[in-house]
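# Summary of structural features
Letter by letter, the chains look like this.
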Amino acid sequence: MKASKKINILLIYTGGTIGMVKDYKTGALKAFDFNNLRERIPELNQLDCKIKTISFEEPIDSSNMNPTYWIKITTIIEENYKEADGFVVLTGSDTMSYTASAISFMLENLCKPIIFTGSQLPIGDLRTDAKENLITAIQIASAREKSKPKVTEVCLYFEYKLYRANRTTKINAEHFEAFSSSNYPALAESGVHLKFQDHLLFHSKGEKQLKVRKKLNDNIVILKLFPGISLEVIKTILGIKGLKGVVLETYGSGNASTQKEFIALLANAIKRGIEIIDVTQCIGGSVILGHYETSTELQKIGVVSGNDITTESAIAKLMYLLGEEIPKEEFKEIFEKSLRGELTDL
Ligand code: ASP
């Protein structure tokens, strides 16, 4: 009988708590050498896969994450795409949803699993969540069905749940259950068995050749509305030199003040070529432009609806589409469509 080929997993360590161990003398956290992964986590020997690791030379706290690092992660995946059957990317949880969302847009026609994970406690801690997160993330990246990868999208695995990465938000700095995906159910749950919800998994249609998109435009801003925000502040933000896009965090189903001067400032920005994306401040639910009078004007002046996209994903999509220099006339239509399962098509 022919021996089946072992699954190759590439583990990319960028930094964050998961890769830290406590120096018990000083109490300080220091980076852990992933080349000794199997010694530290002998349970990995039970997994039927080969694990290769690539670590950032200088691991970063994810608060220092930025598009240059996103390009670095994407390049590592691109260079190993043929050889590896699946990828596990370890980052700090603080900005993991932004990073994983960005990677989902930067890799088009993905046919292999990319699973982001991290932990709330360092890997060496007694009550650590790191081991379970890491082991199950590797298991998910290795999962096959009829010798094809089970997962073919960018996911985030944390505390027994697998999510579509570009649907997630970090919601808790204390609980092990640190992420939520309010507008899309978990893709899999890990209990006694690892149960996938097959009908929820994303598979890119048509072309199967991986396309890597590395042009990101970071001339964008998040503008969160609050009762009392002054026109001066809005004017100053919209007047930033070179500004190309705004994620406008609105109330409820995409609502904002109807004050004429406020609408005029937004309309003027849109005329100057700035894309304004309406994203709700609510943790769940969707923008529905025109549903209330308080969003009718936004719709009229050409604000783009983010539908039920998260702010993290909107930021990533905006950088990606602006970087791709989508023609002005097509931008709104393309943004409002789901590209990687990041929003629910209306
Ligand atoms: N501050 C850390 C980071 O995001 C927290 C974590 O690793 O979860 O890098």
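Everything that follows concerns the structure shown earlier in this document.
Here's a quick rundown of the structure.

Here is what the cut-offs are and how they apply
- Counting restarts for each chain, with residues numbered from 1 along the sequence as it is written.
- Restriction of local features to residues with pLDDT of at least 70 applies here, the model being predicted, together with a cutoff of 80 or more for giving and counting side-chain atom pairs; totals for whole chains, interfaces and linings are based on all residues.
- Water and hydrogen atoms play no part in the side-chain values, which are based on all heavy atoms of the structure.
- Helix numbering and strand numbering both begin at the N terminus, where a helix is a DSSP run of H or I of at least 4 residues and a strand a DSSP run of E of at least 2.
- Atoms counted for the radius of gyration: C-alpha only. Globule rule: 2.2 Å times the number of residues to the power 0.38.
- The buried label goes to any residue with under 20% of its type's maximum accessible area, the exposed label to any with over 50%, and the partly exposed label to all in between, with areas taken from a 1.4 Å probe on protein chains only.
- Under the convention used here, a 1.4 Å probe and the Shrake-Rupley method define accessible areas, while residue burial counts only the protein chains that appear.
- Positive charges are assigned to Lys and Arg, negative charges to Asp and Glu, while His and the chain termini are left out of the count.
- Charge positions come from single atoms, namely NZ of Lys, CZ of Arg, CG of Asp or CD of Glu.
- The pairing criterion is simple: DSSP has to find at least two bridges between the two strands.
- All axes are obtained by fitting lines to C-alpha atoms, using only the stretch in contact for helices, and the reported angles, taken between N-to-C directions, cover 0 to 180 degrees.
- In what follows, residue pairs with any heavy atoms lying within 4.5 Å of each other are defined as contacts.
- Two aromatic rings from Phe, Tyr or Trp, using only the six-membered ring of Trp, form a pair when their centres are within 6.5 Å; if the ring planes differ by under 30 degrees the pair is stacked, by over 60 it is edge-to-face, and anything between is tilted.
- We count a charge as sitting over a ring when the NZ of a lysine or the CZ of an arginine lies within 6 Å of the ring centre and within 35 degrees of the ring normal.

## A few points about the overall build of the chain
- Along its length, the chain carries nine helices and 20 strands.
- On C-alpha atoms alone, the chain measures out to a radius of gyration of 21 Å, which is about the 20 Å that the 2.2 N^0.38 rule sets for 346 residues.
- Projected onto its principal axes, the C-alpha positions of the chain cover 70 × 50 × 35 Å.
- Buried positions account for 53% of the 346 residues belonging to the chain.
- For the chain, the accessible surface area stands at approximately 16,600 Å², while carbon and sulfur atoms represent 52% of it.
- Both charge centroids of the chain, one from 43 positive and one from 43 negative side chains, sit 4 Å from each other.

## Structural notes on the sheet that holds strand 7 (residues 114-117)
- Taken in spatial order, the eight strands line up as 4-1-5-7-10-11-14-15 in an open sheet, and their pairing is mixed. Looking at strand neighbours, the two that pair on one side only are strand 4 (49-55) and strand 15 (194-196), the edges of this open sheet. Across this sheet, the average inter-strand angle for adjacent strands is 20°, counted without regard to direction.
- Bridging between strand 1 (residues 7-13) and strand 4 involves seven bridges; their strand directions are parallel. Bridge pairing in strand 4 links Tyr13 to Ser55.
- Its contacts with the sheet place helix 2 (residues 67-80) against strand 1, strand 4, strand 5 (86-90) and strand 7, and it is angled at close to 160° to strand 1.
- Each of strand 7 and strand 10 (154-158) touches helix 3 (residues 96-106); the most contacted strand, strand 10, lies at about 155° to it.

## Quick notes on the packing of aromatic side chains
- Under the definition given, this model contains seven aromatic pairs.
- Considering the side-chain rings of Tyr81 and Phe87, the 6.3 Å spacing of their centres and the 5° angle between planes classify their relative orientation as stacked.
- Geometrically, the ring pair formed by Phe105 and Tyr320 is stacked, given 5.8 Å between the ring centres and 20° between the ring planes. Here Phe105, found in helix 3, pairs with Tyr320, found in helix 8 (residues 311-323); they are 215 residues apart in sequence, far enough to count as distant.
- Residue Phe105 is classed as buried on the basis of its relative accessible area of 0%.
- On the basis of relative accessibility, which here comes to 5%, the residue Tyr320 falls in the buried class.
- Among the aromatic residues, those joined into a cluster by ring pairs are Tyr13, Phe32 and Phe34.
- Between Lys72 and the ring centre of Phe56, over which it is positioned, the NZ or CZ distance is 4.3 Å.
- Taking NZ or CZ as reference, Lys317 lies 4.7 Å from the ring centre of Phe335, over its face.

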